[in-house]
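Listed here are the chains, written in short residue letters.
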There are 2 protein chains.
Amino acid sequence: MQAEIIAVGTEILLGQVVDTNSAFIARGLASAGIEVYYHSLVGDNADRLTAVVTQARSRSDLVVISGGLGPTKDDLTKQTVAHLLGVKLVEDETAMAKIHQHFLTTGQKLTPNNRLQALYPDGSLPLKNRTGMAVGAFYQAPTGADVMLLPGPPSELEPMFREEALPVLKHAYQREEYLVSKVLRFFGIGESQLVTTLSDLIAQQTNPTIAPYAKVNEVTLRLTATASSEAAASDLIDGLVTLIRQRVGNYLYGYGDDNSLANVVVHGLIDRKLTITAAESLTAGEFQSTLGDIAGVSAVFPGGFVTYANEAKHALLGIPNAIIDTEGVVSAATAKRMAEGARQRLDTDLALSFTGVAGPDTLEGQPAGTVWLGLAQRGQDPQAKLVHLTGNRDKIRARSVLLGLDWIRRTLGI
Amino acid sequence: MQAEIIAVGTEILLGQVVDTNSAFIARGLASAGIEVYYHSLVGDNADRLTAVVTQARSRSDLVVISGGLGPTKDDLTKQTVAHLLGVKLVEDETAMAKIHQHFLTTGQKLTPNNRLQALYPDGSLPLKNRTGMAVGAFYQAPTGADVMLLPGPPSELEPMFREEALPVLKHAYQREEYLVSKVLRFFGIGESQLVTTLSDLIAQQTNPTIAPYAKVNEVTLRLTATASSEAAASDLIDGLVTLIRQRVGNYLYGYGDDNSLANVVVHGLIDRKLTITAAESLTAGEFQSTLGDIAGVSAVFPGGFVTYANEAKHALLGIPNAIIDTEGVVSAATAKRMAEGARQRLDTDLALSFTGVAGPDTLEGQPAGTVWLGLAQRGQDPQAKLVHLTGNRDKIRARSVLLGLDWIRRTLGI
């Protein structure tokens, strides 16, 4: 069983956008035990797309194509592939109903080209687009390679691939053996340190395999085991997880593809019925916004403060100007005062604060990346922690938010 | 003049690393007026690499290959390509001296495989690796397509491409014509509506060409013109921009690859010396965090409020519980009170508020996606605006933030 991945889109061909879909699909196919030997990328051009798909079908069993399912006249993947397969395009009623509903809700005008998004090659299994409008498709060809069509925007492709496509592929290409995989998520340890610490386990890897993957600000390990039953494969995984936890359990914050430090922290707070607030300077609301990403957070998060300017620290949190003048705004004293001020004002169990230098300029003579975090807990003295971060403004702010979340995680003993 | 890009590496084939090199190279080639029609990606496998390079050379004039120049036994790009070109590998003295120096400095042992990094196909121009050890190469073939070899790590490839490869390519493929491109950025108009409104201009597109691209929550148009001088190409672009502005100028918020609605708004505020704050319920700090992304925002943004719970709206903004009880938290009255309350507390010129239903659950009987925005301006009565948004929690919040930014943009008359 061998697959090939094709990305379609002039904007990725020209490099205006980096194609992350092909890597995402490759990881998913690997998790289903499907080997990939080639990726290709073409623009929105029917002739070249036809040539690439034809070649791919000649050397692989499955061709997964992303992009070009949208409503503009550039989007011609579906038409081209249907033509190549010798089938018509037919309408998916569910997708069409969703398109109608969207235009009804937003009051925008439904133009004819928008209807194209509900079409798929006749004889395919349509794949539901939960986060967008263009329907996907899986075509099991009577002769020659099968073809899967997926939308281009990652926000649509990723859920569709995970929820619709992968189960269908696993079912279509059922193997004698069962494959179980588990993702372990780490924060606070770099990829090279993690790999070095686990080097003997990784060197011995056969079953389960261990695939490290470094994302921005976190590292994941995907363990994949095969066995004659699902239970036996799970047992292999569990055994290895135990070994890994013994060595680096302190950095392991959670499991699963669709997880995040914020998710773990918010559910930890909800389970413990602990409320939280924040006072943010350099992060300017990014920490609170990250909490807000998690559905259900309102049970533990009443709101909080963005105190960018010193006047705001004074006016909203009651920090005396004298403290800021003598200790500095980027200081342990200010971080503690911010956290405790926020906590008291909203009467929460916990509060975090962030004050530091996002850059590019220095502040109070301190270089960009100097960040103080403060933590206030009901009935305890507030604490502060200094970190020195590197990278641009975005990176420094994002990393600060994660360090704050991780501090809460460790405080909760998760 | 037509080029093709190939990335080599099993870790990118498996999706463990996203290939950013191909996009980087594509942008560079476009800037030199070299067209790219295909990208391909193969693992560290001599047979498949040979097949892909052979095909690429059969249909393009230049093949740019990244990856596989390193010292490990997986790295076989140079050997494979030299074999295919029918030339030997020869040693670059400068690169070899650098390798010797590195091992001398670090005290590590120089193993024979490290010497491989100084080799390049005979008859090529070696390309210096300022930030690494593997030398690149540009081979102008006596017959058939030219080949360029570049290292895989972006930290080595990017400087080498910019400093060594691009000047060489521009010189090798000198053209008679100049290429100028400009990106126009739109908010508040869908891709399909934009394309429909401009369909006659797009249909006539030859020079400049018009390439629409829908990103999450915005649409861009890239206009690209060629002419015998840079000024003439710019004139062609300017003429088309005028036509486009006449039709959809109201939605055009700015220009350039590296721009955003937040950037335009923050610089608009800075230019006009107007300060801003916000009170955020469903967006939970995302609007303020978006302002915080822009360096220099501290001049106009003192901070603000995240008022997720009703108690916080009362405690931090002084909104009477009676208003929330009678009018509802998702209402024009609450939105106006939130904006004006925030504005007064921090004494700013402008304030925005966001209150609505992020979902997945309904609130006060209103469905997810129901959002009220409030706008307070010094010396004026606050206003409120109702929108109905679709999509998941993330999309509803992100879209709300952009609608807020766009309201400020229009208020400033940008």
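Cut-off values and rules
- Residues numbered from 1 in each chain as written.
- Chains lettered and ligands numbered in written order.
- Predicted model: local features only at pLDDT ≥ 70, side-chain atom pairs only at ≥ 80, totals over all residues.
- Heavy atoms only, no water.
- pLDDT = per-residue confidence, 0-100.
- Pairing = 2+ DSSP bridges.
- Helix = DSSP H or I, 4+ residues; strand = E, 2+ residues; numbered from the N terminus.
- Axes fitted to C-alpha atoms, helices over the stretch in contact; angles between N-to-C directions.
- Phe/Tyr/Trp six-rings, centres within 6.5 Å; stacked < 30°, edge-to-face > 60°.
- Buried < 20%, exposed > 50% of the residue type's maximum accessible area, 1.4 Å probe, protein only.
- Lys NZ or Arg CZ within 6 Å of the ring centre and 35° of its normal.
- Contact = heavy atoms within 4.5 Å.
- Buried area = accessible area lost by both parts, 1.4 Å probe.
- Salt bridge = Lys/Arg side-chain N within 4 Å of Asp/Glu carboxyl O.
- Polar contact = N/O pair within 3.5 Å; in protein donor to acceptor, adjacent residues only side chain to side chain.
- Nonpolar A, V, L, I, M, F, W, Y, C, P; charged D, E, K, R; others polar.
- Parallel < 35°, antiparallel > 145°, perpendicular 65-115°, else oblique.
- Left-handed = near helix turned anticlockwise from the far one by under 90°.
- Expected span 1.5 Å × (residues − 1).

Observations concerning the confidence of the model for chain A
- Averaged over all residues, the pLDDT of chain A equals 92, while 99% of them reach at least 70.
- Across the interfaces of the predicted complex, the ipTM metric reaches 0.75, alongside a pTM of 0.76.

Things to note about the sheet that holds strand 6 (residues 125-127) of chain A
- In space, the 12 strands of this open sheet follow the order 6(A)-7(A)-8(A)-3(A)-1(A)-2(A)-2(B)-1(B)-3(B)-8(B)-7(B)-6(B), with mixed pairing throughout. Among the strands making up the open sheet, the edge pair consists of strand 6 of chain A together with strand 6 (125-127) of chain B. With strand direction ignored, the average angle separating the axes of adjacent strands in the sheet is 15°.
- Pairing of strand 3 (residues 62-66) of chain A with strand 8 (residues 146-150) of chain A, which is carried by 5 bridges, proceeds in the parallel orientation.

A word on the packing of aromatic side chains
- Using the criterion set out here, one finds 8 aromatic pairs over all chains in the structure.
- Here the aromatic rings of A:Phe24 and A:Phe161 are separated by 6.0 Å at their centres, their planes lie at 70°, and the arrangement is edge-to-face. Note that A:Phe24 is positioned in helix 2 (residues 21-31) and A:Phe161 in helix 7 (residues 154-172), a separation of 137 residues in sequence. Both residues of the pair, A:Phe24 and A:Phe161, belong to the buried class.
- Taking 5.2 Å as the distance between ring centres and 45° as the angle between the ring planes, the aromatic pair formed by B:Phe287 and B:Phe354 counts as tilted. Taken together, the residues span a long stretch of sequence, with B:Phe287 in helix 12 (residues 286-292) and B:Phe354 in strand 15 (residues 350-356) at a distance of 67 residues.
- Residue class for B:Phe287 comes out buried when judged on its relative accessible area of 0%.
- Stacked on the ring of A:Tyr255, the Lys or Arg A:Lys182 has its end atom at 4.6 Å from the ring centre.
- Above the face of the B:Trp407 ring, B:Lys385 is positioned so that its terminal group lies 4.3 Å from the ring centre.

Considerations on the environment of A:Tyr251
Residues and elements named next belong to chain A.
- Among the structural elements, Tyr251 can be located in the loop between helix 10 (230-248) and strand 12 (252-255).
- Under the relative-accessibility criterion, Tyr251 is labelled partly exposed at 24%.
- A sequence separation of 49 residues divides Tyr251 from Ile202, and the C-alpha atoms of the two residues are 18 Å apart.
- Not counting chain neighbours up to four residues away, the residues in contact with Tyr251 comprise Arg185, Phe186, Phe187, Gly188, Ile189, Arg409 and Arg410.

Comments concerning the interface of chain A and chain B
- Taken residue by residue, the interface counts 68 residues in chain A and 68 residues in chain B.
- When the two sides are added together, the surface that chain A and chain B hide from each other amounts to roughly 5,400 Å², 57% of it contributed by carbon and sulfur.
- Here chain A is connected to chain B by 2 salt bridges.
- A:Arg397 is paired through a salt bridge with B:Asp293; the nearest N and O atoms lie 2.3 Å apart.
- Joining chain A to chain B, the criterion identifies 29 residue pairs in polar contact (both at pLDDT 80 or more).
- Here the side of chain A that touches chain B takes 7 residues from strand 2 (residues 35-42) of chain A, the largest share from any one element.
- For the side of chain A that touches chain B, the per-class residue count stands at 31 nonpolar, 26 polar and 11 charged.
- In this sheet, strand 2 (residues 35-42) of chain B lies alongside strand 2 of chain A in antiparallel orientation, the contact comprising 5 bridges.

With respect to the packing of helix 2 (residues 21-31) of chain B against helix 7 (residues 154-172) of chain B
Residues and elements named next belong to chain B.
- Relative to each other, helix 2 and helix 7 sit at 20°, their axes nearing to 11 Å. When the interaxial angle is binned, helix 2 and helix 7 end up roughly parallel. In this structure, the crossing between helix 2 and helix 7 has a hand that is right-handed. Where helix 2 abuts helix 7, its residues Asn21, Phe24, Ile25, Gly28, Leu29 and Ser31 lie against Pro154, Leu157, Glu158, Phe161, Arg162, Leu166, Leu169 and Lys170.
- Looking at the contact of helix 2 with helix 7, its residues break down into 8 nonpolar, 3 polar and 3 charged.

A few points about the sheet that holds strand 14 (residues 303-307) of chain A
- Across the sheet, 10 strands lie side by side as 17(A)-16(A)-15(A)-13(A)-14(A)-14(B)-13(B)-15(B)-16(B)-17(B); this open sheet has mixed pairing. Looking at which strands have only one partner, the edges of the open sheet turn out to be strand 17 (383-388) of chain A together with strand 17 (383-388) of chain B. Averaged over all adjacent pairs, the angle separating strand axes in this sheet is 15°, with direction ignored.
- As paired strands, strand 16 (residues 370-377) of chain B and strand 17 of chain B are joined by 6 bridges and run antiparallel to one another. Paired with B:Thr370 across the two strands is B:His388, which belongs to strand 17 of chain B.
- In the packing of helix 13 (residues 310-317) of chain B onto the sheet, the strands contacted are strand 14 of chain A together with strand 13 (276-280), strand 14 (303-307) and strand 15 of chain B, and the crossing angle to strand 14 of chain B comes to about 145°.

Digging into helix 11 (residues 261-272) of chain B
Residue and element names in this part refer to chain B.
- The terminal C-alpha atoms of helix 11 lie 16 Å apart, and with 12 residues this matches the ideal 16 Å at 1.5 Å per residue to within 8%.
- Within the sequence span of helix 11, burial applies to Leu261, Ala262, Val264, Val265, Val266, Gly268 and Leu269.
- Residues of helix 11 that are buried sit in contact with strand 12 (252-255), strand 13, helix 12, strand 15 and helix 16 (393-412).
- One or two steps after helix 11, the chain reaches Lys273, where phi turns positive at roughly 50°.

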